[in-house]
Amino acid sequence: MLHAPSQPVRAIDDGVRRLVDDMVDTMYAAPGIGLAAPQIGVPLRVIVVDLTVGEDRTQLISLVNPEIVSKEGEQRHEEGCLSVPGYGGSPVRPARIVVKGLDLDGQERVFSGSDLLARAFCHEIDHIDGLVFVDRLTPLKRDLMKRKLKKRARSGWDE
Ligand SMILES: [Zn+2]
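We now turn to the structure provided with this report. Because the structure is a prediction, the values reported are computed rather than measured.

### Looking at the coordination of the zinc ion
Six octahedral donors around a metal ideally sit at 90 or 180 degrees from one another, while four tetrahedral donors ideally sit at 109.5 degrees. Bound to the zinc ion on the protein side are Cys81 (SG), His123 (NE2) and His127 (NE2), at distances that span 2.0 to 2.3 Å. All donors to the zinc ion come from one chain, and their sequence spacing reads C-x41-H-x3-H. A residue pair is termed long-range when its members are at least 10 positions apart, and Cys81 in the loop between strand 5 (79-80) and strand 6 (88-89) and His127 in helix 2 (residues 115-128) qualify at 46 residues. Judged by relative accessible area, Cys81 falls into the buried class, the value being 7%.

Written as structure tokens, this is what we have:
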């Protein structure tokens, strides 16, 4: 499911608002700085990002149908993913990014971000495009991680 592209949201209704509430709760409980709807089993183009992990709720960004408007530069830092627990990797990301999408009132919002915010936007937008950060690693690192994950899946997740 994490490798299937998600569908655009057609109308921002109570269902979408409840979805965002669930996503925010899941993100804060993890705890994490971002989450995409397919990560909780809903194949819709919705993401949430909060670099403060709930410490400052004014920093919470909920975006419906987000799109990357422009990107420039490159950065590479360790990323983790709530859907790939216990593993990290350092995919190449743009240094700066401009993203647009709709807020929960259906108004278009535009955000520009660099550093961690740029990485978080890219990571979550990848999720709704059916990409996990592991897919952006070098083939060698990806194979190593896949082998580890398979081994762990065979022996159960409790080890
Ligand atoms: Zn992720």
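### Section: the pairing of strand 2 (residues 46-49)
Side chains of strand 2 alternate between two faces, with Val46 and Val48 and Ile47 and Val49 buried alike. When strand 1 (residues 34-36) meets strand 2, the two strands line up antiparallel, connected through three bridges. Bridging across to strand 2, Ala36 finds its partner in Ile47. Pairing analysis gives four bridges linking strand 2 to strand 3 (residues 61-72), with the strands arranged antiparallel.

Each value, and the rule that gives it
- Residues numbered from 1 in each chain as written.
- Predicted model: local features only at pLDDT ≥ 70, side-chain atom pairs only at ≥ 80, totals over all residues.
- Heavy atoms only, no water.
- Donors = N, O, S within 2.8 Å, 3.2 Å for Na, K, Ca; no water.
- Helix = DSSP H or I, 4+ residues; strand = E, 2+ residues; numbered from the N terminus.
- Buried < 20%, exposed > 50% of the residue type's maximum accessible area, 1.4 Å probe, protein only.
- Pairing = 2+ DSSP bridges.

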